[in-house]
Amino acid sequence: MYTPRFSARRALFGAALFLFAALFFLIPARAEGETDLSYAMDVWLDAQSASLGVEMRVTVTNDSTDPWEELCFRDFMASVIAEARTRTDEALDLQSGILSASCAGAALDVRVDAADASIVHVALKTPLASGESCEIALSYAADLPEGGLRCGYFPLNAESGEGRTFELAQFYPMLAVYENGEWVADPYIVDGECFYSRCADYDIRLRVPEGDTVAASGEETEEAPGQWRIRAERMRDVTIVISNELDAVSADAGGVAVNSYYARGDETHRLQGERSLLVAQKALEAFTAAYGPYPYAELDIVESNYEFGGMEAPGLVRISQMYSWFLGGDVDAAERAEWEEKLAGTVAHEIAHQWFYAVVGNNQYREAWLDESFAAYSEQVYWRAVGKDESDIAAQMDAFAKAVNESENVSDLCVDCSYGELKGDYTPAVYERGAAFLYRLEQALGQEAFGAAMHEYYAAFAFKEAATQDFLAVFGPYAGENKDVQALLTAYLRAARETA
């Protein structure tokens, strides 16, 4: 059995967590009607030591035709910690790992991949046959880095000196996807996503410092001071934000409760929160009309110290606080208007991921265009809905079509390549050229036919995973003998070229 190196502090923390779970958080049995994959968790945040403990039960069903002799989990916190070490010259004594694993009371061997610590194999005592289910109990602990890109802690309002916010994404062992006879375990990347997962049901009992605000994927309820319950159904993963410095404004958008969280203090943070809320309401309306209904009861938008524009999660999006820096009255009016537009585009983009990635899943490392290109194209759906001139949208798409970093010939740059293949052209390919492809496909098919195809695609793969071939299978009948459409497919998609 693998036992990660933890300090005495960690050992005491783990013992306290076990007692806490046993006495306070008795995890309920799996309810009827949930998905074939479910996570029941007790999560305890120690804010002073910036560490996290998780006691969890994972109900797994073998949905393949192969027997499974082992399960593969991803400990992405190991990658987050490794990345954090590259951003400082200090020696960071941070650890993460599965402390123990068992099934039906029997201990299971845990093996961490020698080349990639985020890949963890749990050996089963008896192979799990096709269609069979088992419940795996895992004890897990992790230290949280300061300023982590995806999972970590930092102040939102640095001026106060007392605020701190924990942003927890991929903070627990996630079951990998078994596909084509193997567990999919693509490399961890910083400037893209690699968190391929099935939809699951989550029941999380969370302990945090009293008085903290919690925003999470799914629906969160404070059952007692510092004791929260999070329920999330049919979600690919769960992100939780825990903070002592957040306020919120809320509104209803077609029956969806929308909450926009912002840092207390400077007025510009409130302005970002209010602006984000207005954009979210319109985006939900526009994307529901364009693709189909938003399936969850709630959507949270959270101001974040995230270094890039934003980051998506099911039922929750994080938006960088950098936009607030340009919303004050002391900023030139033209510059402020420019940043308001950038903020709106980012909020719309991240919300679009609720449709493409959260509901219609895809392998984000190998075919990122199926969510990033769709989200980037959806920005134009939003702009059209709020009255932006179509000629301005078309001009932006023309510029996107020419985007390239390293390739010598832009016509050779297909958008459905993997991150490893695209390398330096990843961003121009999947964010820009992919959006231009979908926009031009809409123009060639006509908005009515394109809209019908998008609705069909969304409905066919809701809470499932799609590949480029699935996209082609849906759009093919709409294309028919349209030579302009056929030319677009082969110009942008390698999969279409290979079958032409």
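Residues numbered from 1 in each chain as written. Predicted model: local features only at pLDDT ≥ 70, side-chain atom pairs only at ≥ 80, totals over all residues. Heavy atoms only, no water.

*Asks:* Give a detailed account of the pairing of strand S21 (residues 298–304), specifying residues and quantitative values.
*Replies:* By the criterion of burial, S21 is predominantly enclosed, with seven of the seven residues buried. For strand S20 (residues 256–263) and S21, the ladder comprises five bridges, and the chain directions are parallel. Following the sheet pairing, Asn 259 is matched in S21 by Asp 300. Handedness of the S20-helix H3 (residues 267–290)-S21 crossover: left-handed. (Buried < 20%, exposed > 50% of the residue type's maximum accessible area, 1.4 Å probe, protein only. Helix = DSSP H or I, 4+ residues; strand = E, 2+ residues; numbered from the N terminus. Pairing = 2+ DSSP bridges. Right-handed = clockwise from strand over helix to strand, strands pointing away.)

*Asks:* Could you give an account of helix H6 (residues 390–401), naming the residues involved and the relevant values?
*Replies:* The end-to-end C-alpha distance of H6 is 16 Å, a good match for the 16 Å that 12 residues give at a rise of 1.5 Å each. Turning to H6, its buried residues are Ile 393, Met 397, Phe 400 and Ala 401. Relative to the axis of H6, the buried residues are bounded by an arc of 100° and lie together on one face. On its buried side, H6 packs onto helix H5 (369–385), helix H8 (426–445) and helix H11 (483–492). (Expected span 1.5 Å × (residues − 1). Arc of directions from axis to C-beta. Contact = heavy atoms within 4.5 Å.)

*Asks:* Outline the UniProt feature "active site" (unreviewed entry) in the protein, supporting the account with residue identities and numerical values.
*Replies:* Within the UniProt annotation, "active site" (unreviewed entry) is assigned to Glu 350 and Tyr 431. Despite a sequence span of 82 residues, these residues sit close together in the fold, their greatest C-alpha distance being 12.4 Å. Of the annotated set named above, Glu 350 and Tyr 431 line the largest pocket. Structurally, Glu 350 can be placed in helix H4 (residues 333–352). Sequence-distant contacts of Tyr 431, defined by excluding residues within four places in its chain, comprise His 349, Glu 372, Ala 376, Phe 400 and Tyr 426. Polar contacts involving the side chain of Tyr 431 include one to the side chain of Glu 372, which spans 3.3 Å. (UniProt positions renumbered as here; feature names shortened; annotations may be inferred. 1 Å grid on protein atoms, 1.4 Å probe; cavity = no way out; pocket = protein on both sides within 12 Å on 5 of 7 lines; lining within 4 Å. Polar contact = N/O pair within 3.5 Å; in protein donor to acceptor, adjacent residues only side chain to side chain.)

*Asks:* How would you summarise the environment of Thr 221 if you had to cite specific residues and measurements?
*Replies:* Within the secondary structure, Thr 221 sits in strand S16 (residues 219–224). With residues up to four places along the chain from it excluded, the contact list for Thr 221 reads Gln 227, Trp 228 and Arg 229.

*Asks:* Lay out the environment of Val 110 with the relevant residues and their values.
*Replies:* Secondary-structure assignment places Val 110 in strand S6 (residues 110–112). Given a relative accessible area of 6%, Val 110 falls into the buried group. Distance from Val 110 to Trp 369, taken between C-alpha atoms, is 34 Å for residues 259 residues apart in sequence.

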